[in-house]
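What follows is the residue order along each chain.
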Amino acid sequence: MLQHKGSGRLADKVCILTGGASGIGEATARVFAAEGARLIIVDIQVDKGERLAAELAKAGGTVVFQRCDMSVHAQVKSLIEFSEKRFGRLDVLVNNAAVESPKAEVDTTEEEYDHIMDVNVKGVFLSTKYAVPLMKKNGGGSIINISSAYGMIGSIGFGAYHASKGAVRLFTKSTAVTHARHGIRANSIHPGAVDTPLLREAINSNDDPKRFEKTVAESQPIGRLGRPEEIAYGCLFFASDESKFCIGSELSIDGGMVAQ
């Protein structure tokens, strides 16, 4: 369990964190709360999300939970409206919610493809669509989109996931250049294989989970899976004022996967 001692790098910033109940999202929530953020944890995993929000609030954080399916227009619009009603503003949006499948395109059904694109791509589009006007009222903000190393390079399988994360990568750049003059910066983070429930699900669905996990870990020059907190600290940098000159940047936190 990550224990982070903050120094106020996000003091009073209002942050929405999607997919915040587990994995990279949970680690990021812990870091953001410790750094003084006023945090809205968003997920469809209600029990996990509410428990995490209650734990962080008990520890002294300003943290609330909101259930939201990022593929549903009305729910995403209501989420951004909640931020304004509850806190009066929005400073940071972390688009972390995602689903994946290790299947190649020939084995992926149309329904599976649509679901991945709806959550991973449309969810980023919808949250950005409604966050930008609110951030403009504040005089600016930071949008952090969690793409993937698989949004930059190819691999065997993961066809729909690759497509979705490549889309997130370029959507981020469009957002960045469109709104930079409004004080809004958008940047993407590209994790490698990180030990999260999402990856564990993919590993366990393989015919030989141990062999598959070893293959995945060794696909990264570092020779191991990443840890969720290693991605969370990248989110912290982009959320803080230290990244004010970063516009449309790509941060690979991938154990060297893209560099090889």
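Residues numbered from 1 in each chain as written. Predicted model: local features only at pLDDT ≥ 70, side-chain atom pairs only at ≥ 80, totals over all residues. Heavy atoms only, no water.

**Student:** I tried to follow unusual backbone geometry on my own but got confused; where do I start?
**Tutor:** Glycine aside, a negative phi is what most residues show, and trans is what most peptide bonds show. For Asp-12, which is not glycine, the phi torsion reads 70 degrees and is therefore positive. By relative accessible area, Asp-12 is classed as exposed at 54%. One non-glycine residue, Phe-158, lies in positive phi territory at about 55 degrees. Along the chain, Phe-158 turns up in the loop between β5 (141–146) and α5 (159–179). (Buried < 20%, exposed > 50% of the residue type's maximum accessible area, 1.4 Å probe, protein only. Helix = DSSP H or I, 4+ residues; strand = E, 2+ residues; numbered from the N terminus.)

**Student:** Quick question: what am I supposed to make of the environment of Ile-143 here?
**Tutor:** With respect to the secondary-structure elements, Ile-143 resides in strand β5. Under the relative-accessibility criterion, Ile-143 is labelled buried at 0%. Distance in space between the C-alpha atoms of Ile-143 and Ser-188 is 8.4 Å, their sequence separation being 45 residues. Those residues in contact with Ile-143 that sit more than four places away from it in its chain are Leu-93, Asn-95, Thr-128, Val-132, Met-135, Thr-175, Ile-184, Arg-185, Ala-186 and Asn-187. (Contact = heavy atoms within 4.5 Å.)

**Student:** Just to check I follow, could you spell out the packing of aromatic side chains for this structure?
**Tutor:** The geometry of an aromatic ring pair comes down to the distance between the two centres and the angle between the two planes. For the structure on display, the rule yields three aromatic pairs. Joined through ring pairs, the aromatic side chains of Tyr-150, Phe-158 and Tyr-161 make up one cluster. (Phe/Tyr/Trp six-rings, centres within 6.5 Å; stacked < 30°, edge-to-face > 60°.)

**Student:** So what exactly am I meant to see when it comes to the pattern of salt bridges here?
**Tutor:** Pairs can form between side chains of opposite charge whenever their charged atoms are close. Per the stated rule, a full pass over the model turns up 17 salt bridges. Taking the shortest distance from any N to any O, the salt bridge between Glu-213 and Arg-200 comes out at 2.9 Å. In this pair, Glu-213 is assigned in helix α7 (residues 209–218) and Arg-200 in helix α6 (residues 197–204), connecting sequence segments 13 residues apart. One salt bridge connects Arg-211 with Asp-208, and the closest N-O pair in it is separated by 3.8 Å. One continuous salt-bridge network, built from bridges that share partners, spans Arg-224, Arg-227, Glu-229 and Glu-230. (Salt bridge = Lys/Arg side-chain N within 4 Å of Asp/Glu carboxyl O.)

**Student:** What's the story with the layout of surface pockets in this structure? I'm lost.
**Tutor:** Picture a little ball the size of a water molecule; that probe, rolled over the atoms, points out where space is still empty. There is about 220 Å³ of room inside the second largest pocket. What lines the second largest pocket is Val-99, Glu-100, Ser-101, Pro-102, Lys-103, Glu-112, His-115, Ile-116, Leu-198, Glu-201, Ala-202 and Ser-205. Those elements that place two or more of their residues in the lining of the second largest pocket are α4 (110–138) and α6. Of the residues in the lining of the second largest pocket, the class split is five nonpolar, three polar and four charged. (1 Å grid on protein atoms, 1.4 Å probe; cavity = no way out; pocket = protein on both sides within 12 Å on 5 of 7 lines; lining within 4 Å. Points joined across faces, edges and corners; volume = space filled by probe spheres on them. Nonpolar A, V, L, I, M, F, W, Y, C, P; charged D, E, K, R; others polar.)

**Student:** Is there a simple way to explain the nonpolar core in this structure?
**Tutor:** Residues Phe-32, Leu-39, Ile-41, Val-94 and Ile-144 are the most contacted members of the largest nonpolar core, which totals 30 residues. Those elements that place two or more of their residues in this core are β1 (14–18), α1 (23–34), β2 (38–43), α2 (46–58), β3 (62–67), β4 (92–95), β5 and α8 (228–239). Discounting chain neighbours no more than four positions away, the residues touching Ile-144 are Val-92, Leu-93, Val-94, Asn-95, Asn-187, Ile-189, Cys-235, Phe-238 and Ala-239. Listed in part, the 24 residues of the second largest apolar core include Met-70, Leu-90, Leu-93 and Leu-134. (Core = buried A, V, L, I, M, F, W, Y, C linked by side-chain atoms within 4.5 Å.)

**Student:** Please clarify how the pairing of β4 should be interpreted in this entry.
**Tutor:** Side chains Val-92 and Val-94 project from β4 onto one buried face, and the interleaved Leu-93 and Asn-95 project onto a second face that is buried too. Relative to β4, β1 runs parallel, the two sharing three bridges. Bridging from a neighbouring strand, Ile-16 pairs with Leu-93 of β4. Regarding topology, α4 serves as the crossover connection from β4 to the parallel β5, and that connection is right-handed. (Pairing = 2+ DSSP bridges. Right-handed = clockwise from strand over helix to strand, strands pointing away.)

**Student:** For this particular structure, what's the right way to read the environment of Gln-220?
**Tutor:** Counting through the fold element by element, Gln-220 comes out in the loop between α7 and α8. Overall, the relative accessible area of 2% leaves Gln-220 in the buried class. Here the alpha-carbon distance between Gln-220 and Lys-103, two residues 117 residues apart in the chain, equals 20 Å. Beyond its immediate stretch of four places on either side in the chain, Gln-220 contacts Gly-192, Ala-193, Leu-225, Gly-226, Asp-254, Gly-255 and Met-257. There is a polar contact of 2.6 Å between the side chain of Gln-220 and the backbone nitrogen of Ala-193. A polar contact is formed between the side chain of Gln-220 and the backbone oxygen of Arg-224, at a distance of 2.7 Å. (Polar contact = N/O pair within 3.5 Å; in protein donor to acceptor, adjacent residues only side chain to side chain.)

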